[in-house]
Amino acid sequence: MKITAVWIMGMALVACHQAPVIKRTHVAPHEAPIGYTQVVQYGDRLYLSGVAVPGPDMAQAVDRAYSHIQKILQDHGSDMGHVVKELLFTTDMAAMKAQIETRRQFYPEGQYPASSWIEVKGLFLPELILEVEVEAVIPAQ
């Protein structure tokens, strides 16, 4: 009898615990038609698809990309200090390296994410020179 009661209680606990819901957010109208979602939230995790920006000036591209990322994170209850992973694609690594300080200004001092920077031949559109993808957590409140 005891074993049955323990098993029933265990199954009830499992049934009450549900996996987090996956929430998808389109930020721009072009996303759905091309099979793209800017933000996917799973529990306390945010996954941002690459924020791509045109040139010709890398300083402006960095500022626009990270400002947009910052806004998306704020809209979802997070911020740049909670970014845990960053994947950056650029068509001009030398120009991107020259903007390291511009990028750093978006992150709280010492709270930089694990990052990978990759130089590519091209991005989705020919005028794009930078694309930044991040993963962040939503802090407990």
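**Points about the pattern of salt bridges**
At step 1: All told, the structure shown has five salt bridges when counted by the stated rule.
At step 2: Ionic pairing is found between Lys71 and Asp75, a salt bridge with its closest N-O pair at 2.8 Å. Taken as a pair, Lys71 and Asp75 lie in helix H2 (residues 58-75) at a separation of four residues, close to a single helical turn.
At step 3: Among the residues examined, Asp75 registers a relative accessible area of 52% and is labelled exposed.
At step 4: Put simply, Glu109 and Arg104 hold a salt bridge, and the shortest N to O gap is 3.9 Å.
At step 5: Here the salt bridges do not stand alone but share partners, grouping Glu101, Arg104 and Glu109 into one network.

**A closer look at the pairing of strand E2 (residues 39-42)**
At step 1: Burial along E2 is one-sided: the residues Val39 and Gln41 are buried and none of Val40 and Tyr42 is.
At step 2: Sheet analysis places E2 next to strand E3 (residues 45-54), joined by four bridges and oriented antiparallel. Following the sheet pairing, Tyr42 is matched in E3 by Arg45.

**What about the side chain of His76?**
At step 1: By the element assignment, His76 lies in the loop between H2 and strand E4 (83-90).
At step 2: Within the structure, His76 has its side chain in polar contact with the backbone oxygen of Ile72 (distance 2.9 Å).
At step 3: Aside from chain neighbours lying at most four places away, what touches His76 is Thr25, Val39, Gln41, Leu46 and Ile138.

**Brief notes about the sheet that holds strand E6 (residues 128-137)**
In any sheet, the strands associate via hydrogen bonds between backbone groups, in a parallel or an antiparallel arrangement.
At step 1: Strand order in the open sheet made by the six strands is E1-E2-E3-E6-E4-E5, with mixed pairing throughout. In the strand order of this sheet, the two ends are held by strand E1 (22-25) and strand E5 (114-119), each with one partner. Taking the axes of each pair of neighbouring strands and ignoring which way they run, one obtains an average angle of 10 degrees across the sheet.
At step 2: Against the sheet, H2 contacts E2, E3, E4 and E6, and its axis sits at roughly 155 degrees relative to E3.

**Describing the side chain of Arg103**
At step 1: Here Arg103 is to be found in helix H4 (residues 100-104).
At step 2: With near-sequence residues (within four places) excluded, Arg103 lies in contact with Val62, Tyr66, Glu86, Met96, Pro113, Ser115 and Trp117.

**Thoughts on the packing of aromatic side chains**
At step 1: For the structure on display, the rule yields three aromatic pairs.
At step 2: The interplanar angle of 70 degrees and the centroid separation of 6.2 Å between the aromatic rings of Tyr66 and Tyr107 together place this pair among those described as edge-to-face. In this pair, Tyr66 is assigned in helix H2 and Tyr107 in the loop between H4 and E5, connecting sequence segments 41 residues apart. Comparing Tyr66 with Tyr107, the two get one shared label, buried.
At step 3: For the ring pair Tyr107 and Tyr112, a centre distance of 6.2 Å and an interplane angle of 80 degrees mean the geometry is edge-to-face.
At step 4: On the basis of relative accessibility, which here comes to 30%, the residue Tyr112 falls in the partly exposed class.
At step 5: Pairwise contacts between aromatic rings join Tyr66, Phe106, Tyr107 and Tyr112 into one cluster.

Criteria and cut-off values
- Residues numbered from 1 in each chain as written.
- Predicted model: local features only at pLDDT ≥ 70, side-chain atom pairs only at ≥ 80, totals over all residues.
- Heavy atoms only, no water.
- Salt bridge = Lys/Arg side-chain N within 4 Å of Asp/Glu carboxyl O.
- Helix = DSSP H or I, 4+ residues; strand = E, 2+ residues; numbered from the N terminus.
- Buried < 20%, exposed > 50% of the residue type's maximum accessible area, 1.4 Å probe, protein only.
- Pairing = 2+ DSSP bridges.
- Polar contact = N/O pair within 3.5 Å; in protein donor to acceptor, adjacent residues only side chain to side chain.
- Contact = heavy atoms within 4.5 Å.
- Axes fitted to C-alpha atoms, helices over the stretch in contact; angles between N-to-C directions.
- Phe/Tyr/Trp six-rings, centres within 6.5 Å; stacked < 30°, edge-to-face > 60°.

The quantities given are spatial measurements derived from coordinates; they are silent on function.
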